[in-house]
Structures are given as C-alpha cells and as structure tokens.
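Examining the three-dimensional arrangement
Each chain, letter by letter, is given below.
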Amino acid sequence: MTTLTRRSALKVFAGTAAVGLLAGCGTGGGSKNADGSVTLRFTWWGNDVRNKQTQQVIDAFQKAHPNIKIQAEPGVWSGYWDKLATQTAANDAPDVIQMDLAYIAEYGGRGALLDLSKQKGLDLSAFDSNTLSAGQYNNKLYGVSTGQNALGIFANVKVFQAAGVAIPDDSKWTWDDYIKTAAALAAGASKGGTNYGASYGITDQTLSIWLRQRGEQLYTSDGATGFTVDGVASFMAFQKKLLDAKAAPPASVAQEDVNAAVEQTLAATNKTGMSFWWTNQLGALSKAAGTDFKILRVPSQDGKPQGDGLFYKPSMYWSASSRTKHPEEVATFIDFLVNSTDVAKVITTERGFSTSSKIQDAIKPLLTPTDKSALDFLTQIKPELGQAPAVPPVGSSKVGDALLRRQTDVLFGRADAQAAAAAFKTDADNLIKNAKK
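Small disclaimer: the values here were computed from a predicted structure and weren't measured.

What about the packing of aromatic side chains?
Overall, the coordinates contain 24 aromatic pairs when judged by the stated rule. An aromatic cluster is built from Trp173, Trp175, Tyr178, Trp210, Phe235, Phe238 and Phe276, whose rings are joined through pairwise contacts. A cation sits over an aromatic face here: Lys313 above Trp278, 5.0 Å from the ring centre. Over the ring of Phe227 we find Lys425, and its NZ or CZ is 5.6 Å from the ring centre.

Here it is, written out as structure tokens:
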C-alpha cells in the first residue's frame, strides 16, 4: 500500500480531487443514521488541553441537538495536513474542518470548502467586516475566524532565572540583542539552566515578520511572492549566526523541534529559553512546561516596536467541506461554535481571543492569569501593529516545507545563505505557478 506524503497528497488533490469535487462525484463526509439523526465528522489539530475542551463542546452540542451526532477526529499539526489532503483527494473530507490561514486559499480556491456566507443557519452578525474578510478568498467566505492572536517570543521565566539572565526590555530590543540573550542563556546551562538559549523559528510566518521589517512581504495581494532573494538571505544568515554563537540547538535537533507536538518541543520540556509562539498557545505551553512564560515582542531591526512587523492574525478558522451531504447541520454546528457563550466558557482563549463582544463579555470573569497575560500583550501591541498581510495564495501551503529544507541546508553547511535563499525563491515561485496550471 502506498502512503501519501503531504506533497503527493496535495498533488493528487490539486489534480483530480478538485475536478471531482466540482463535477459532483465522490461520497463526501457525514452520514444519515437509521433513527433519522445525522452524523457529522469533525476534525481539528491541537494538544491535550484543546482536545479535552473540544470534547466538552461536542458533548454540549449533542445534548442541545440530539438529532446531530458529532464524530470527533482530532489530530496533531505535524500529521494533520497530510491526512486532510489525502481525505480530500479521495472525496472523503470531514464535514467540519479546523482550518489555518496558510491553507484557506489552498482548499477554498480549489473548490474543497463550502461558502459559509450562503448558509442560513449560521449567524455572522457578531463579527465585523475585518474579521469576516480574514476568511474570504475570491469573494467567498471559506472560514469563520475562531479569534485573533499575534506572534511573540515566549521567554521561559524559570530558565532565565536559573541561568541568571535578565529578561530583556522588548520595547527596544534588536535581533542582535536576541542573539546575545540566547547565548547568555546557553552559557548559563552549566548553572542549572537550559540546554539551548533559543529556538530558530524556521517557519514561513516568522519569515513573514522578518520581511515586513525590511519593507518586503511574503505574498502580494495578487497571489505572487513579494520578497527578494536578499531579504530571505538575511533571514537565513541570522539563523546561522544563532548556530555559530552556540545560542541555538544543532540543525538535527532543530528539524525535530519544528515538527514536534507542543508537549514535546524544546520549549515545553524547558530545554530552551526563548521560542516563537502564537499568543493563543500560551496556556497549553505553560501547562506542558509547568512554568510561566513572559510574552515579548519580536525583536526589530532598529529597536523600535513600530517596526517589528507584528499584526493580528486569525488564530484559525471553522470551515466546512463543500462535499458535505448535510450543509444545514454543518451550519448549525459552526454557529454553535462561534456564537454560543457556553462554548466560549469552555474554550475561553485556547483558540484565540474572539472579536465578538458577546463572547468577550462571557469569558472575562473566567480568564486565568495566563489568559490575562496574553490579552495584555495583544492590547499593549495594538497601537504598533501593521496591516495584516495578504491571504497566502493557492500553492503556497508547501512553502513552509521548502523554507525548512533550504534553511537546514544552511545550518548543516550544505549551502550558504544567498544560494539557499535563491533556491527558496525559485521553490516558492514554482509552487504558486504550478498550482495555477
């Protein structure tokens, strides 16, 4: 039996599955039961905290809607997209799908997602136009945002204390300060501190922030790459500086860390002092590590927070398969997820801070100190934020894989930053170009 990788699965999805979807063939997800009830398949990626919360939500929904059964299909980020691509290629996608910004155009643009704006059972009145536009592609609503978050540096308080290093002032720090701090943390390991000073942050989202600081962008609004080779080369050279300063782990460890489940990362196991995370991940990471984290702004080129490139990002979306046999029930379930205060009181901020004022009011009394810390950070940076970047185009979902591959070539010494950046630019351009064929 042949196992589909994410690359091969998406290739099949892009070629034959989208045609099948639009032509009306295939079986789709969900089923109708003998007693007249309907079963919807529901998939999401997450961690132990999110899984337990989500099951509580499912139980509450089924109690309120006994005619709709929910079949839970949880996963973890590292294998989630491989599985979803394979299922979609076979016209067997789940009915309700937790979706990410990086994939909203990939799936929506190929006809695999339901236009939620046309579903009468879904009340969207609590969300402003900015929130809704974040889930739109080609003027269709392919996802409703679960909330907003921002990228930050998570500083492990215990690790800093053990190493005898002061947490830096993030209102004026630069990337050079980041390297110096990470090197000091790594040196403090002999005092009972961490094994490594910092993680690399080798993701397309971190690259996007870096490029925004240089006046470039990962993608343009018309669906092309918007960066130069020099822009990416400077990012890759910075990662190599971290390695050379012994401020970050070896390349082999970094590769494993990128794809690890939250609970198994260097950050969660207290083996690194600083790492890149989204604000909604603070609760899960703090619980896994058994310690507090302080969220810091991402460093800037000039030490001014107005130039750090941060923005509010949709944490994730609720989307639906265009092949579902039960769009009415799907709309009912998604409406419950985004509008029910009972749901909000279970999930609180684990999937980001909702932009619905009703939901915000419902969870305020329930916010933990960790929740409040994340909310304080989001509030603090609001005056400094730039405009959100363009929605990643069709074909771009594999750009992160290409970046990791080219960056690790640099860390292993197989290529210099300039050559690796040029190869990455070719990779990204070809991925987008080939997706349009």
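Still more to cover.
Quick look at the packing of helix α11 (residues 282-289) against helix α15 (residues 369-381)
Where α11 meets α15, the axes come as close as 9 Å, and the angle between the chain directions of the two elements is 135 degrees. Of the possible angle classes, the one that applies to α11 and α15 is oblique. For the pair α11 and α15, the sense of crossing is right-handed. Contacts from Leu282, Gly283 and Ser286 of α11 reach α15 at Thr370, Ser373 and Ala374. Residues of the contact of α11 with α15, tallied by class, amount to 2 nonpolar, 4 polar and no charged.

Considering the nonpolar core
By size, the foremost hydrophobic cluster in this structure holds 69 residues, and its most contacted members are Tyr178, Leu207, Met236, Leu242, Met274, Leu285 and Phe424. The element that contributes the greatest number of residues to this core is helix α17 (residues 417-435), accounting for 7 residues. Once residues within four sequence positions are removed from consideration, Phe424 is found in contact with Leu207, Phe227, Val232, Met236, Val399, Ala402, Leu403 and Arg406. Counting residues in hydrophobic clusters, the runner-up holds 29 residues, among them Leu40, Trp44, Leu141 and Ile334.

Here's the deal with helix α12 (residues 327-339)
With 13 residues, α12 should cover 18 Å at 1.5 Å per step; its first-to-last C-alpha distance of 18 Å lies within 8% of that length. For α12, the buried fraction is high: 10 of the 13 residues fall into the buried class. Those residues of α12 not exposed but buried are Glu329, Val330, Ala331, Phe333, Ile334, Asp335, Phe336, Leu337, Val338 and Asn339.

Rules and cut-offs
Residues numbered from 1 in each chain as written. Predicted model: local features only at pLDDT ≥ 70, side-chain atom pairs only at ≥ 80, totals over all residues. Heavy atoms only, no water. Phe/Tyr/Trp six-rings, centres within 6.5 Å; stacked < 30°, edge-to-face > 60°. Lys NZ or Arg CZ within 6 Å of the ring centre and 35° of its normal. Axes fitted to C-alpha atoms, helices over the stretch in contact; angles between N-to-C directions. Helix = DSSP H or I, 4+ residues; strand = E, 2+ residues; numbered from the N terminus. Parallel < 35°, antiparallel > 145°, perpendicular 65-115°, else oblique. Left-handed = near helix turned anticlockwise from the far one by under 90°. Contact = heavy atoms within 4.5 Å. Nonpolar A, V, L, I, M, F, W, Y, C, P; charged D, E, K, R; others polar. Core = buried A, V, L, I, M, F, W, Y, C linked by side-chain atoms within 4.5 Å. Buried < 20%, exposed > 50% of the residue type's maximum accessible area, 1.4 Å probe, protein only. Expected span 1.5 Å × (residues − 1).

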